[in-house]
Amino acid sequence: MTRLLIADDHPLFRAALHQAAATSVTGCTVLEAADLHGALEALRADADIDLVLLDLHMPGSQGLSGLAALRGQHPGVAVLVVSAHDEPRVVRRALDHGAAGFIPKSASPAEIGEAIRCVLDCGTWLPPALAESVAALPADPADSNLAARLASLTEQQYRVLVLLADGLLNKQIADRLAIQERTVKAHVTAIFEKLGVRNRTQASGVLKALELGEPARVV
């Protein structure tokens, strides 16, 4: 039986996605999360999730960072990005970071259902209005390289990286994650090595490169 996870912080839009998914895939089970932490918890708890519908802009996920986290920690799960960021370059970047497709928040229920079925059939789905312009954009080697480096981090290392980028000191990170400070230091050392950076500022810059800014509001 197909299992889907919707990760979006807007209850009404989450409900619309839920309805579209339930209507388009017979007998599917639809789970929900309101932030990135909840989505990662759901994926840890349920190894049978087939597809995640991921909002790019919600608590814990700014820009492409949530997509990078999901693809790095759960590479076997397909991710359909759902966002008001529908510029061709943003869509191209999402694909370069491992998304299996892109649904604009202006999409109709029929389009959402079509996208879900396409990705579940191992395809890649883009809205017809964007497909040609996105295809005309070459993949950015810098984004592909960044995605590969972030994918090398463990789940805990990614959490440490996010807190480090927020400006927390090792002791504060240890308290937040309920681990020992020496464990944080070991994670930081591993993060620097895997990301190819020399200090905390450079490590923070890796996440900053994933930012997209505020999306336009869908009216």
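Residues numbered from 1 in each chain as written. Predicted model: local features only at pLDDT ≥ 70, side-chain atom pairs only at ≥ 80, totals over all residues. Heavy atoms only, no water.

The name given to the protein chain in an unreviewed UniProt entry is Response regulator transcription factor, with Dyella lutea as the source organism.

Per the secondary structure count, the protein chain includes 11 helices and five strands. For 219 residues, the compact-globule formula gives about 17 Å, and the C-alpha radius of gyration of the protein chain, at 17 Å, lands near that figure. Within the protein chain, buried positions represent 49% of all 219 residues. By sequence separation, contacts in the protein chain at least 24 residues apart represent 69% of the contacts at least 6 residues apart. Working note: accessible area of the protein chain is about 10,400 Å², and carbon and sulfur atoms make up 55% of it. Each charge class in the protein chain can be summarised by its mean position, and for the 20 positive and 25 negative side chains these summaries are 9 Å apart. (Helix = DSSP H or I, 4+ residues; strand = E, 2+ residues; numbered from the N terminus. Rg over C-alpha atoms; globule rule 2.2 N^0.38 Å. Buried < 20%, exposed > 50% of the residue type's maximum accessible area, 1.4 Å probe, protein only. Contact = heavy atoms within 4.5 Å. Areas by Shrake-Rupley, 256 points an atom, 1.4 Å probe, with all protein chains shown as cover. Lys, Arg positive; Asp, Glu negative; His and termini not counted. Charge placed at Lys NZ, Arg CZ, Asp CG, Glu CD.)

Here the focus is the UniProt feature "modified residue: 4-aspartylphosphate" (unreviewed entry) in the protein chain. With numbering aligned to this structure, UniProt lists the feature "modified residue: 4-aspartylphosphate" (unreviewed entry) at Asp55. The class for Asp55 is buried, based on a relative accessible area of 3%. Sequence-distant contacts of Asp55, defined by excluding residues within four places in its chain, comprise Ala7, Asp8, Asp9, His10, Ser61, Val82, Ser83 and Lys105. (UniProt positions renumbered as here; feature names shortened; annotations may be inferred.)

Here the focus is the packing of aromatic side chains. How two aromatic rings sit relative to each other is given by the distance of their centres and the angle of their planes. As enumerated under the stated definition, the model contains zero aromatic pairs in all. Over the ring of Phe13 we find Lys105; its NZ or CZ atom is 4.8 Å from the centre of that ring. (Phe/Tyr/Trp six-rings, centres within 6.5 Å; stacked < 30°, edge-to-face > 60°. Lys NZ or Arg CZ within 6 Å of the ring centre and 35° of its normal.)

It is worth spelling out the UniProt feature "domain: Response regulatory" (unreviewed entry) in the protein chain at this point. As annotated by UniProt and renumbered to match this structure, "domain: Response regulatory" (unreviewed entry) occupies residues 3–120. A helix fraction of 46% and a strand fraction of 21% characterise residues 3–120, whose end C-alpha atoms lie 10 Å from each other.

Further remarks concern the environment of Asp50. Tracing the backbone shows Asp50 in the loop between α2 (36–45) and β3 (51–55). Residue class for Asp50 comes out partly exposed when judged on its relative accessible area of 34%. The spacing of Asp50 and Cys122 is 72 residues in sequence and 11 Å in space, taken between C-alpha atoms. When near neighbours in sequence (up to four residues on either side) are disregarded, Asp50 contacts Met1, Thr2, Arg3, Val77, Ala78 and Leu120. Among the polar contacts listed, one links the side chain of Asp50 to the backbone nitrogen of Arg3, at a separation of 2.8 Å. (Polar contact = N/O pair within 3.5 Å; in protein donor to acceptor, adjacent residues only side chain to side chain.)

Within the secondary structure layout, Asp8 lies in the loop between β1 (3–7) and α1 (11–24). Residue classification places Asp8 among the buried positions, given a relative accessible area of 0%. Residue contacts for Asp8: discarding those within four places in its chain leaves Phe13, Arg14, Ala33, Ala34, Asp55, Met58 and Lys105.

Moving on, we come to the environment of Arg149. In this structure, Arg149 sits in helix α7 (residues 141–151). Judged by its relative accessible area of 25%, Arg149 is partly exposed. In this structure the C-alpha to C-alpha distance between Arg149 and Gly72, which are 77 residues apart in sequence, comes to 9.0 Å. Among residues more than four places away in sequence, those in contact with Arg149 are Lys194, Leu195 and Val206.

Looking now at unusual backbone geometry. For Cys122, which is not glycine, the phi torsion reads 70° and is therefore positive. Its location among the elements puts Cys122 in the loop between α5 (109–120) and α6 (128–135). Cys122 gets classed as exposed once you look at its relative accessible area, which sits at 75%. A positive phi angle, close to 60°, is found at Ala178, a residue other than glycine. The topology assignment puts Ala178 in the loop between α9 (170–177) and α10 (181–195). According to the relative accessible area criterion, Ala178 is exposed, its value standing at 69%.

Turning our eyes to something else, we now look at the sheet that holds β1. The five strands lie next to each other as β2-β1-β3-β4-β5, forming an open sheet whose pairing is parallel. Of all strands in the sheet, those bounded by a partner on one side alone are β2 (29–33) and β5 (101–104). The sheet shows a mean angle of 20° between the axes of neighbouring strands, taken without regard to direction. Judged from the five bridges that link them, β1 and β2 form a sheet pairing that is parallel. Each residue of the ladder has a partner; that of Ile6, found in β2, is Glu32. (Pairing = 2+ DSSP bridges. Axes fitted to C-alpha atoms, helices over the stretch in contact; angles between N-to-C directions.)

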